[in-house]
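Close look at the chain arrangement
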Amino acid sequence: MSLLEVSALSVRSGRRSLVDGLELSIEPGERVGLIGESGSGKSITCLSIMGLLSEDLQVSGSVHLDGVDHDLLTLPESRLAGLRGDRMSMIFQEPMTALNPLMKVGRQVAEIMALHGVPRQQAERQSVELLDRVGIPDPAVAAHAYPHQLSGGQRQRVMLTMAMANSPDLLLADEPTTALDVTVQAQVLELMRDQVRRSGTALLFITHDLAVVSGLCERVLIMRDGVLVEEGPIDRVFNDPQHPYTRGLLAASALATDPRSGKLITVPQSDDGDGSRASAMPAASSPPAPVAGEPSRPGGQHQVLPDDDAIIFNRTEGPAVIRVRDLSRIYHRGRTSLFGPRREIRALESVSFDIAPGERFGIVGESGSGKSTLLRLLCALDSPTSGSAEVAGHQLSGAGERQLRGLREQVQIVFQDPHSSLDPRMRVGEVIAEPLRHGSHRDRRSRVADLLAAVGLPADAADRFPHQFSGGQRQRIAIARALITEPRILLADEAVSALDVSVRAQVLNLLADLVDSYDLTLVFVSHDLNVIRHLCTRVAVMQSGRIVECGPTDRVYTEPHHPYTARLIGALPTLQSSLAFEGPA
């Protein structure tokens, strides 16, 4: 018998079918990838296996785990609780909702082992060792931190530690590396690969990153609208896809461009809810063309941080919309003992650079490298500890809120999670128009309608609430809100990292068009180096709060000078490199 057998699994919510007649089997130690867009039924499938579905859903079919003489779909909760965390575990996509915010992370890792028979003291000792294995800096200190005191990537590594603590027979991973930078992602994937190889653990890995699946799994399942549309060995499905949907996913994942338009290829859809007609014509991926009218200057040279740290990256002698000099930000954590000193976290240290008008400037780096801190300082959501920053003609250091009102109009930001950044109680029209302080109601409605059209949404979207839209549509709404004040500078903090590959391509196409149409200066932060390479003409690489390399994007990617940059690029998974080998080890 297979380790896991799922037969005729169907899940419904009222009249809506979420999963329809799914057939799935997993052998002991087998690694299976489950790929599809949001709403395809991937997560619902995992929750069904774990017995964690909401009670208002109707479920039929059967799920059998080897050694359990009962269908998991009808197994009593008391018996399911004994299986979870021991024989089967699950890593959830969003760690902040899965971790206990009132319990230190070391205790949470130890608890999962103690619940299944490991002595408490031994569990606490092993928890620090496990945190160290997943690459968390200073694991002994991190074990005494609460979830909110860790970065998003670190929280996901804690979740991974908890799920793998008892070496389960079956590990279900729901987008576990989506929020991780490429080097940490590579470490985590290698750890998962090592775990299943060493302990014989089977893996069902859910993701929208096809390159990750191609390097980790042996077999792949493609889901769309609750139905399995294609399955088979990795090399066959990815090298010779039979279904048009699979071909579209492969093109979107590789950030391939249509040679006729130069735009990213998106997945073909019968009813494109994100407002863009998609194309799935296969094409080779290519880097973006330089921004029209971008100035040529010495700042375009390829620079690396010198030993004395004295350098102004991307320096321009002409006008600069952003001019940063020796910018630093230090945070303080609580004492580890009653009389001990407060710990310093140097999030940003002596950063200096310029950005000229009209540039597309990318910032990459690992979690905790200072990318988001820098962006918060540039839009005056935080204050520097030392140094200066001049943005759109406004000096930020020491400026009060009244003095920053003009900056708020000139600089806008798009956050990673549109669901959290849009007020759920306001209609979309009110959300977009909120920054406007002048003009009649009719003028405001007209401006909202124009911007909705610019981001590819219908005018009647203004009368709906954010929760009535998909993730990609909500991100379009967030972009429209950012553009309502006609800013000079658009800041984007991981603006596409939470989106499916096809929706990501749509939003990137939209951003590129809007930057040109509105003559914007774009500062784009991401841990996805492929996204930066497509969208930005210059890139700064950050490590431990400093810029260590900066220059034209293509030159930095093809000829990295700093070892850290080379390591980032080397850790980047690609379909081509993964499929070049005979298969995942």
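Keep in mind the model is a prediction, meaning the values are calculated, not measured.

**Observations regarding the sheet that holds strand β2 (residues 16-26)**
The pairing of strands in a sheet comes from backbone hydrogen bonds and takes either a parallel or an antiparallel form. What the three strands build is an open sheet, ordered β2-β1-β4; its pairing is antiparallel. Two strands lie at the open edges of the sheet, namely β2 and β4 (58-65), each paired on one side alone. For this sheet the average axis-to-axis angle between neighbouring strands, irrespective of direction, equals 10 degrees. When strand β1 (residues 4-13) meets β2, the two strands line up antiparallel, connected through seven bridges. Along β2, the bridge assignment pairs Val6 with Leu24. The sheet contacts of helix α1 (residues 42-50) involve β1, β2 and β4, and relative to β1 the element is tilted by about 115 degrees.

**Some words on the side chain of Thr553**
Along the chain, Thr553 turns up in helix α20 (residues 553-558). Classification of Thr553 as buried rests on a relative accessible area of 2%. Separated by 2.9 Å, the side chain of Thr553 and the backbone oxygen of Cys536 make a polar contact. Excluding residues within four positions of it along the chain, Thr553 makes contact with Ile532, Arg533, Cys536, Thr537, Arg538 and Val539.

**Details of the packing of aromatic side chains**
As enumerated under the stated definition, the model contains one aromatic pair in all. Ring geometry for Phe353 against Phe361: centres 5.7 Å apart, planes inclined by 5 degrees, an arrangement best described as stacked. Relative accessible area serves as the criterion here: at 1%, Phe353 is assigned to the buried category. Here the basic side chain of Arg464 rests over the ring of Phe469, its NZ or CZ set 4.2 Å away from the ring centre.

**Overview of the nonpolar core**
Counting residues in each nonpolar core, the largest one holds 57 residues, and the members touching the most others are Ile432, Leu452, Ile479, Leu508, Phe524 and Leu535. Take this core: its biggest share by element is nine residues, from helix α18 (residues 501-517). Counting residues in each nonpolar core, the second largest holds 54 residues, with Leu130, Ala163, Leu189 and Leu249 among its members.

**Regarding the sheet that holds strand β9 (residues 227-233)**
If you walk across this open sheet you meet the six strands as β5-β6-β7-β3-β8-β9, and the pairing is mixed. Of all the strands in the sheet, the pair left with one neighbour each is β5 (88-91) and β9. Going from strand to strand, the sheet's axes swing by 15 degrees on average, the running direction of each strand aside. Judged from the five bridges that link them, strand β3 (residues 31-35) and strand β7 (residues 202-207) form a sheet pairing that is parallel. Across the sheet, residue Leu34 finds its bridge partner in β7, namely Ile206. Lying on the sheet, helix α8 (residues 182-199) is in contact with β3, β5, β6 (170-174) and β7; it crosses β7 at an angle near 155 degrees. Across the face of the sheet, helix α11 (residues 244-253) comes into contact with β3, β8 (219-224) and β9 while running at roughly 105 degrees to β8.

**Examining the environment of Met103**
If you trace the backbone, Met103 turns up in the loop between α3 (95-98) and α4 (105-114). Ignoring anything within four residues of it in the chain, the contact list for Met103 reads Gln108, Glu111, Tyr146 and Pro147.

**Focus: the environment of Asp20**
Structurally, Asp20 is set in strand β2. For Asp20, a relative accessible area of 44% translates into the label partly exposed. For the pair Asp20 and Ser497, spaced 477 residues apart in sequence, the C-alpha separation works out to 29 Å.

**Observations concerning unusual backbone geometry**
In this structure, Asp138 is a non-glycine residue whose phi angle is positive, near 50 degrees. Summarising the element assignment, Asp138 is placed in the loop between α5 (120-133) and α6 (139-142). According to the relative accessible area criterion, Asp138 is partly exposed, its value standing at 48%. We note that Asp225 has phi near 55 degrees; this positive angle belongs to a residue other than glycine.

**Some points on the domain arrangement of the chain**
Parsing the chain into structural domains produces domain 1 (4-102 + 170-254) and domain 2 (313-333 + 343-571). On a C-alpha basis, the centroid separation for the pair domain 1 and domain 2 is 33 Å. Residue-level contacts link 15 residues of domain 1 with 14 residues of domain 2. Carbon and sulfur atoms make up 52% of the surface buried where domain 1 meets domain 2, a total of about 1300 Å² over both sides. Our count for the domain 1 to domain 2 interface comes out at zero salt bridges. Along the contact surface separating domain 1 from domain 2 lie two residue pairs in polar contact (both at pLDDT 80 or more). The element contributing the most residues to the side of domain 1 that touches domain 2 is α8, with four residues. Across the side of domain 1 that touches domain 2, the residue classes break down as seven nonpolar, six polar and two charged.

**Notes on α5**
Along its 14 residues, α5 runs 20 Å from first to last C-alpha, staying within 8% of the 20 Å computed at 1.5 Å per residue. For α5, the full list of buried residues reads Ala123, Ser127, Leu130 and Leu131. Here the buried residues of α5 occupy an arc of 95 degrees about the axis, which is enough to place them on one side. Exposed and facing more than 90 degrees away from the buried side of α5 are Gln121 and Arg125. Phi turns positive one or two residues past the end of α5, at Gly135, with a value near 85 degrees.

The rules behind these values
Residues numbered from 1 in each chain as written. Predicted model: local features only at pLDDT ≥ 70, side-chain atom pairs only at ≥ 80, totals over all residues. Heavy atoms only, no water. Pairing = 2+ DSSP bridges. Helix = DSSP H or I, 4+ residues; strand = E, 2+ residues; numbered from the N terminus. Axes fitted to C-alpha atoms, helices over the stretch in contact; angles between N-to-C directions. Contact = heavy atoms within 4.5 Å. Buried < 20%, exposed > 50% of the residue type's maximum accessible area, 1.4 Å probe, protein only. Polar contact = N/O pair within 3.5 Å; in protein donor to acceptor, adjacent residues only side chain to side chain. Phe/Tyr/Trp six-rings, centres within 6.5 Å; stacked < 30°, edge-to-face > 60°. Lys NZ or Arg CZ within 6 Å of the ring centre and 35° of its normal. Core = buried A, V, L, I, M, F, W, Y, C linked by side-chain atoms within 4.5 Å. Domains from an automatic or database assignment. Buried area = accessible area lost by both parts, 1.4 Å probe. Salt bridge = Lys/Arg side-chain N within 4 Å of Asp/Glu carboxyl O. Nonpolar A, V, L, I, M, F, W, Y, C, P; charged D, E, K, R; others polar. Expected span 1.5 Å × (residues − 1). Arc of directions from axis to C-beta.

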